[in-house]
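# Breakdown of the fold
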Amino acid sequence: MPEEYVKFDLTDMKNFEYDMKRCVRCKGCKWVDHIYMPGATYSTRCPSEKRYLFDSFSAWGRLRLALSLLNGRIEFNDRFVEAIYKCQLCGACDAGCKRNLDLEIGSALESLRIKCVADGFGPMPEHKAIAEKIEKEHNVFGGPADNRDKWAKGIQTDDKAEFVYFVGCYGSYKMQGIPKATANILKATGQSFKIMGSDEYCCGYPLYSTGQIEKAKKAAQHNIDTIAKSGAKTVITACAECYKTLKVDYPKMFNKSTSDMGYQVIHLVEFVADQMEKGTIKFKNNIDMRVTYHDACNLARMSEPWVYWEGKRKLYGITEPTAPRRKGTHGVYHQPRNILKAIPGIDYVDMIRIRENAWCCGAGGGVAEAFPEFAQWSAEERLEEVDEVGAAALITACPRCKDNFSKAINASGDNIKVMDIAEMINEAIK
Amino acid sequence: MGIPQEAYKAMEDIVGSQYITDDQVIAQAYVGRLGHGKDTGIDLEMNVPPAVIVLPRTTKEVQGILKIAHRYKINYVPASSFWISHCAPKRPNSIVLDLKRMNDLEIDEENMCAICGPGVIFSQLQEEAIKRGMYTTTPGGGSQVSVVANHINWGLSPLNYRNGVPGRRVLGGEWVLPDGELLRIGSMSTSDDPFWGEGPGPDLRGLLRGWIGWFGAMGVVTKLAVKLLPFHDEGLKPVGISPHTTLQFPEKKRIRWYNFVMPTRESLVECMYDIGKAEIAAALTKVPQQWRYIAKAGCREDFWEGWNTNEARKSINNIHICRVMLVGYASEEQLEYEERVLMDIMDSYGAKLGRTRQSDNSWIKNADSATMWMMTGAYTSVQVTVDTVDCGVKGGEGLAREKPAFTPPLMDDYGEPGWFQVSEIGHMGYIEFLQYWDPNPNQENLYKKDEWNYIKVPTLDAEWGMFNAFNMYASPMNLTGKAYGPECRKWFEKVKAEFDPDKISNDPIPWDVDEYVDKVDWVNKEDYINRDWSKG
Amino acid sequence: MDLKNELQKIVGAGNVLDSPEILEEYSTDNGIYPPGMPTVVVKAGKSEDVAKVINLANKNSTPVIPVSSGVHFQGCTIPYQGGIVLDLSNLNKILEIDPPNRRVRIEPGVTWGQITDELAKENIRVISPLLPHADRSVITDYLEREAPVVPKYEFAEPLMTYEIVWPNGEVFRTGSASVPGYPDSPAKGTNPAGPGLDFYRLPQGAQGTMGVINWANLKLEYLPKINKIFFMPFEDINAAIEPIYKIPRVHIGQEFFLLNHVDLALILAKQWPDDYDRLSDILPSWTLILTISGPPRRPEERIEYEKEALFDLKKQYFQDMPILEALPGVPGGGRELIHMLRKPWPKEEVYWKNRLSGACQSLFFIARPEDAPSFYEKVVDEAPKYGYPLEDLGVYLQPIEQSRVCHLEFNMFYDPDDPIEREKIRIMNRELAQDLLDMGAIFTRPYGDLADMVYEKATSYTTALKRVKKMFDPNNIMNPGRLCF
């Protein structure tokens, strides 16, 4: 193979042409890791393929469509755009593929969305509406920007703190119990922190994940500058989407690496797990409940640091220097489980599909906005799994997951309780 | 272009509008480039998008679709897991029957069989079987392949050492013939119970499967019972995080792997014969050197760093690894007994027992077939001989001598004579000769990989008297179909003429290679068309 | 030129027989079906003759009835439409014994009597059905899917590959024997599959309707030197089910089967009829018989762990089942059975199934072991209606494939010289078969009267079978009228 120069730059789909061509349709992107295959049921991990069935709704099919687009065999049309966006970008395919091969599935799919928007065919109208709200009020709900820190009334923050708590739109506007709990937890451990108030813009996940990279970059740049200005070295968040966006997508958008960003991003569960080791947090209250934990995709298999790469691809596809591969091995998997297991009274049980094999709640990638019925369908499948293991409560570490599960429960009348892990921890330390 | 509107409408009425599409964007997702045979000439040159994709749920729906196809003379391609290049349409205006919705799985625990729809894959079945103290053979094709499809055309793996070749595990079922008529085979011919494979009189399983069978060119098997085999009852525990996941063996001595370093290749072969004769073990295989380097590598570049060394080059002739799995089906005592016998045998050859992890990443439940593409981006097996161990080894050594003339474009594997293993407790040996290459079309002489694959290897095998009938699907029928049997091609033609005279069931399979090589300039067809194979 | 002359040209004058006595001899068998006269009998002297005879028969549209064994029980060699009886008994060479690859290649006339002794010299054997007749063709038994008496092998079938003359006269080799140059080739013919299709399946259960085998490769296993035999006696057939399912499933034992007191007494009786009378009185209603044998390496240790595992199973699943090393009241405790099972029934003695009345009609089928008691009950309910004494009903259950399924056989004994009794048995056989078929019995090789009822029920299978038959036998010359064609 003649050498070619490629880079992990998502604005040019050609950078991922190799990955598109080299997919062999082993469907590692669809099935639960065969070692963990639970049997005839709960055996897949791609909501899109299970819901819509045709191969165009799978990672392997989308790669084929992207390749056909690159080669001029097809052009964007409504069905194509629909196939692109009926996907949570949950990363299950990417981790599954890298079990056996070294293909950049996730990036290729993101790149396809960026191309779709750049060519004027994407995103979906609902995504554009959210982009407008973000542009105007810097949050996904369109609420007044000035209301962003309303939840923090009466909470003591420290402008000199090295920790900045990035609250996110859902915490700030819709689920204020989560930031309140988070603040309490930080306080309980003696960790001072500050918040960015109305200077905190939507992290940009709804923009980036729907291919609106230019708009996402604006939001990102603002937040990066604000963090830099604040002098904080650590950004803590209780939202998995914000976590992954700040940690992974920001560097990705600017062709940088996570380590180049000048700040470290941690999720509340990482912080609490660390405090548990140090002995600075105590779970005093008994919570008698059988609970299970839902791995939010963005905190779990998609959360490994981004390492920008450019270089040569040579004979046999060998990269030089060796391209880094994020395989989902080092996601934040153990910390939330260790926390829950340490809370007295809790009877912890894992679901059938966990960690890198987890089934997405259904909300991500702009699905909840553009295809709410699909988002609910996906959540319902996960809730069946909760029932299957006999858990009374479902704990997650992402407000978007909580929101989507709650909607599904409201619609179905199920009696499963959904809680954010910050709320659970807060209950335990009160 | 496309199919008649009334045909589409009729199929839509059968399956419902959400399970059928003629959208040409969706169709692009079904254009070839899949699994075994990917990036070979046929895959690159012959695949076309389907006109319609339909997702049936029941046998009745499949019958309905096939009857419509028959009425309108529309070519159709049935596929379950799409893991071989035959399962992509090669004729314009074809229907793809994507069978993924036909995923019912029922286990008959008492009588040790599983009744599967074509959408059921091996890791699903294996898990359900292991839960009940049984197991099946997860084939080299991979855990992700269809249980039904694989049983009717392939199914080789080291577990066949105990479990037997797959043809013996095919039981009763439902087979929709090319014209849509339903044929119930085995015990289903006279009852609703598929637990037994033989029907009354001549066994029509002989028409259904084979080595290598029809690949959808003889209708659709919509339900098949397959035999399960007894396993131990301690279970296997999945551990680790991707990509380092594995099945941990129980502490009780009920299952163990052993890796032996044998002094010579000859001793590796001889010990396999001895192990078979002693009637011990549950799996028995040689470990090719490349696989060891793959296993150690975190990525492709790691592999090449290890492989591009003198040590690797020398390892082909200096390191001979025999991997043996023992299972205490009855008890721990059985395993201990077999271990003593195994050690007696291995000691007699001066073998050294190496460090062996007591877990399984591959073969029992997971078979990483996709990993084969990791090294170079393209792979295929050109020789798959099943006969005696000795026959397999000779074939591999012979091909290793011939391969340098085709390297490059083939990857230099330093003369590796192939992967061999034993089936049916030593009654059979099995070799697979593996090729890797860079599929980038701009390379010089890339056509030679097809020449090697489609023509050279099959010709050598037939000349040598090797049973590489796997190549029945990867060589011209005018070559292997003529040489083997002899003239087994005639029977394919007769069967097809009787049951599918209009050739609507996955045409041009199994004559696709003939059709392909007709169009290329690097094959002298006269060489094999006029050849008299009767004297060998 | 007439048929006889043409045949003589092929096999030589001495091998074409048409004297009335000879034709008479080939017109019947040891079963319940009426005779049918052949036109001519041809004794093939070499395998090349077979294709020539079949080609000639095709030219003349003459039926060909292949006969390999010296003994037949089910009527499938009776030439009801006349024609050529192709006697293969002179094709009786053991062509190759290949101990390293545990394979033997034999011609169709090779009998159990012949092969067992020859292989025993090398401490190897072909696993046989239960006590086959010494004159039975080994190939015929496995082409006709007789159940091996050892159910422990996962890959149950001993037949591997063969050379066949298809009904259209073409010679074809199956599986890995299909390689050019066979047998002087590296491939030795141990893989049954292919080439392309599993051709080896088509002549199975075909009663000679799908061609004639010139030779076949069969699997060899070691002949154990050290053995133990266990008897599990009991009175109610339901008690058999647990041990039948559990024992082979954990890889214990070699020969394993169930006999009722009638069949067991027929086998064990030495002095006829005294021993039989005594044994049939004292033997338990049912006996499960299991042998445990040592392989060539560390045989005693193997027997030891298998024995231990057997008693563990008993403790866990069938505590009340006695496991005895000798049958009480039986001379030698019945232990000689272990040696009997490794050989065909002695040629010099009346075949065990014929001892009681001179002949036996076996009604057999495939079933789930768990269903065996209900099939048995049905036969017990019905047999007296035909005036058949239950005390003379033989029952044999052979677990197959580690007891996944079983071969269930009812043996009905009769006097072959009494035409009324013979007819009575024929009616009973037919009507019982219909009852059992309705209950779900799987008749995979329906002989004689059973063919019509089974093929009629197997509608789609029968239709397809006829199409296949037409492909291979366009003139319908091979054993016509036998199955559904």
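The structure presented is a predicted model; accordingly, all values stated were derived computationally and were not measured. (Residues numbered from 1 in each chain as written. Chains lettered and ligands numbered in written order. Predicted model: local features only at pLDDT ≥ 70, side-chain atom pairs only at ≥ 80, totals over all residues. Heavy atoms only, no water.)

### Points about the pairing of strand β10 (residues 393-396) of chain A
Residues and elements named next belong to chain A. We apply this condition: Remark: exposure states derive from per-residue accessible area (1.4 Å probe, protein chains only) relative to the maximum for the residue type, with buried under 20%, exposed over 50%, and partly exposed in between. A run of H or I in DSSP counts as a helix once it spans at least four residues, and a run of E counts as a strand once it spans at least two, with each numbered from the N terminus. Paired strands, in this sense, are two strands between which DSSP finds at least two bridges.
Judged by which residues are buried, β10 turns out to be covered on both faces: A393 and I395 on one side and L394 and T396 on the other are all buried. Both strand β6 (residues 289-294) and β10 contribute to a ladder of four bridges, which runs parallel. Across the sheet, the residue bridging to Y293 is I395, located in β10. Examined bridge by bridge, β10 and strand β11 (residues 417-420) share four bridges and lie parallel to one another. Bridge pairing in β11 places T396 opposite D420.

### Some remarks on the domain arrangement of chain C
Residue and element names in this part refer to chain C. The cut-off we apply is this: Each domain's extent was defined by an automatic or database domain assignment. Pairs of residues are marked as contacts when any of their non-hydrogen atoms sit within 4.5 Å. Summed over both partners, the accessible area lost on bringing two parts together, with a 1.4 Å probe, is the buried area. Each reported salt bridge corresponds to a side-chain nitrogen of Lys or Arg within 4 Å of a carboxyl oxygen of Asp or Glu.
Split by domain assignment, chain C resolves into domain 1 (3-87), domain 2 (94-222) and domain 3 (226-439). Taking the mean C-alpha position of each, domain 2 and domain 3 sit 26 Å from one another. Across the boundary between the two partners, domain 2 contributes 20 residues, which contact 29 residues of domain 3. Between domain 2 and domain 3, roughly 2300 Å² of surface is buried when both sides are summed, and carbon and sulfur atoms account for 62% of that area. Three residues stand out in domain 2 for area buried against domain 3, namely L130, L131 and P151, and they jointly supply 31% of the buried area on that side. Summed over the shared surface of domain 2 and domain 3, the number is two salt bridges. Taking the shortest distance from any N to any O, the salt bridge between K347 and D135 comes out at 3.2 Å.

### Things to note about helix α14 (residues 459-472) of chain C
The cut-off we apply is this: Expected helix span is taken as 1.5 Å per residue step, with the number of steps being one fewer than the number of residues.
Between its terminal C-alpha atoms α14(C) stretches 20 Å, which fits the 20 Å expected from 14 residues at 1.5 Å a residue. Within the span of α14(C), buried status applies to C:S460, C:Y461, C:T462, C:A464, C:L465, C:V468, C:K469, C:M471 and C:F472. Those residues of α14(C) that are buried are in contact with β9 (182-185), α8 (205-208) and α17 (488-499) of chain B together with α13 (449-457) of chain C.

### Some thoughts on the packing of helix α13 (residues 332-348) of chain B against helix α9 (residues 299-317) of chain C
What counts, and what does not: Note on definitions: angles span 0 to 180 degrees between N-to-C directions of axes, and those axes are lines fitted to C-alpha atoms, for helices only across the stretch in contact. Here the word oblique covers every angle except those under 35 degrees (roughly parallel), over 145 (roughly antiparallel) and from 65 to 115 (roughly perpendicular). Classification convention: Asp, Glu, Lys, Arg as charged; Ala, Val, Leu, Ile, Met, Phe, Trp, Tyr, Cys, Pro as nonpolar; all other residues, Gly among them, as polar.
It is the contact of α13(B) with α9(C), at a shortest axis distance of 9 Å, that shows an interaxial angle of 170 degrees. As the angle between them shows, α13(B) and α9(C) are arranged roughly antiparallel. Residues B:E333, B:Q334, B:Y337, B:E338 and B:R340 of α13(B) form the contact with α9(C), whose own contacting residues are C:E301, C:R302, C:Y305 and C:E308. Considered class by class, the residues forming the contact of α13(B) with α9(C) number two nonpolar, one polar and six charged.

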